[in-house]
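# Breakdown of the fold
What follows is each chain in one-letter form.
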Amino acid sequence: MISKEAKYVETIFRCLGMRKVFSKMILKPKRKPHLKKPPKRIFKKYRVESSEISGQNCYSLKRTENTKKHIIYFHGGAYALQAQRIHWKIIEHLLDKTNYEITLVNYPLVPEYTCSETIAIAGEVYSSLRKIKDKETILIGDSSGGGLALALAQYIKAKGLQPKPEKIVLFSPWLDVSMANDFSKEQEEKDLLLSKETLIAAGKRYAGECDMKDYRCSPLYGDITELGEIALFAGTSEILHNQAMELRDKFQSYGQSISFFEYEQMQHVWVGFPIPEAKKALDEAISFINR
């Protein structure tokens, strides 16, 4: 049984027609200057350090100087949208409950860039941050940012970059931009934010000249061995739920360990919603990182 808060969010999404709104945002993205940096409240609550690495704006946040772990966070938005309020809410929860340092990377977006460029730049940013922040590093991403986080881990291994991330946390990840996995019409209708048609169009744009099943845009098909410990969070009302299960099954078939957290009736990236289920999932992610 989902919480009354989660039911309220679903009602709002239906009333506002959020699937149509979100599709328009993804397919016709507008760059907004104020979204290049954190909201004003972030500067009031945390120590914020801005930097430019490989041409990308990065913001590192922490509560204290003596941080024990460093999280590199990749936000979602179908590789087209800038970081939104929901992403900063996720980061705030993690900061308030831990003594981590978190760096949000404003990575290259479509249509200006495609996956081959984005993953290479993300690799450069990762290597630079590992030299600057000499501590245990965790990759975290939601939606397309989750896909990028896993693809980056595979890229790091393929290129022999050292050290590799110790852990990876994936919230509602978009793992296959080709959308080749099977799911019913009923499953698609459960998702109040994403549609298959929009994701295929966005996926083609992000893949560029690469095959849509190239691991750089669809890490579901990449090498999953020796990537570090992985936690995967998926809601059963997400159109991407089947992709998450495919990744879980692939790990198990390869004898690789993965921590899988499945949430009944949760919408896409529910971890950023003001609902009890979000708090629970984020607390589980913190426990995974800390263990």
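Anything mentioned here points back to the structure above.
So, how was this worked out
- Residues numbered from 1 in each chain as written.
- Predicted model: local features only at pLDDT ≥ 70, side-chain atom pairs only at ≥ 80, totals over all residues.
- Heavy atoms only, no water.
- Core = buried A, V, L, I, M, F, W, Y, C linked by side-chain atoms within 4.5 Å.
- Buried < 20%, exposed > 50% of the residue type's maximum accessible area, 1.4 Å probe, protein only.
- Helix = DSSP H or I, 4+ residues; strand = E, 2+ residues; numbered from the N terminus.
- Contact = heavy atoms within 4.5 Å.
- Patch = residues over 30% accessible without salt bridge, like charges linked within 9 Å, V, L, I, M, F, W, Y side chains within 5 Å.
- Areas by Shrake-Rupley, 256 points an atom, 1.4 Å probe, with all protein chains shown as cover.
- Salt bridge = Lys/Arg side-chain N within 4 Å of Asp/Glu carboxyl O.
- Phe/Tyr/Trp six-rings, centres within 6.5 Å; stacked < 30°, edge-to-face > 60°.
- Pairing = 2+ DSSP bridges.
- Axes fitted to C-alpha atoms, helices over the stretch in contact; angles between N-to-C directions.
- Parallel < 35°, antiparallel > 145°, perpendicular 65-115°, else oblique.
- Left-handed = near helix turned anticlockwise from the far one by under 90°.

### What to know about the nonpolar core
- The biggest cluster of nonpolar side chains holds 100 residues, and the ones touching the most others in it are Phe-74, Val-169 and Phe-233.
- Per-element accounting of this core gives the leading share, eight residues, to helix H6 (residues 144–159).
- In this view, Phe-74 contacts Val-105, Tyr-107, Ala-122, Leu-139, Ile-140, Gly-141, Asp-142, Gly-145, Gly-146, Leu-148, Ala-149 and Leu-152; residues no more than four positions away in its chain are not counted.

### A word on a nonpolar patch on the surface
- On the surface, a cluster of nonpolar side chains totalling about 320 Å² of accessible area is made up of Tyr-8, Ile-12 and Leu-16.
- Checked against the element boundaries, Leu-16 lands in helix H1 (residues 4–16).
- Classification of Leu-16 as exposed rests on a relative accessible area of 54%.

### Side note on the packing of aromatic side chains
- Overall, the coordinates contain seven aromatic pairs when judged by the stated rule.
- Measuring from ring centre to ring centre gives 5.1 Å for Phe-171 and Phe-233, while their planes differ by 50°; the resulting arrangement is tilted. Remark: Phe-233 occurs in strand E7 (residues 229–235) and Phe-171 occurs in strand E6 (residues 167–171); sequence separation between them is 62 residues. In this pair, the class of Phe-171 matches that of Phe-233, namely buried.
- Ring plane angle 40° and centroid distance 5.0 Å describe the contact between Tyr-263 and Trp-270, whose orientation is recorded as tilted.

### What to know about the pairing of E7
- Here E7 lies mainly inside the structure; six of its seven residues are buried.
- In the sheet, E6 pairs with E7 via five bridges, with the strands oriented parallel. Paired with Phe-171 across the bridge in E7 is Phe-233.
- Bridge analysis of E7 against strand E8 (residues 259–263) gives five bridges, and the strand direction is parallel. Of the residues in E8, the one forming a bridge with Leu-232 is Phe-260.

### Remarks on the packing of helix H2 (residues 18–27) against helix H8 (residues 196–207)
- Running from amino to carboxyl end, H2 crosses H8 at an angle of 15°, the nearest separation of the two axes being 10 Å. For the element pair H2 / H8, the angle class is roughly parallel. The crossing of H2 and H8 is left-handed. Across the interface between the two elements, Ser-23, Ile-26 and Leu-27 from H2 touch Thr-198, Ala-201, Ala-202 and Arg-205 from H8.

Shape is all these values report; function is a separate question.
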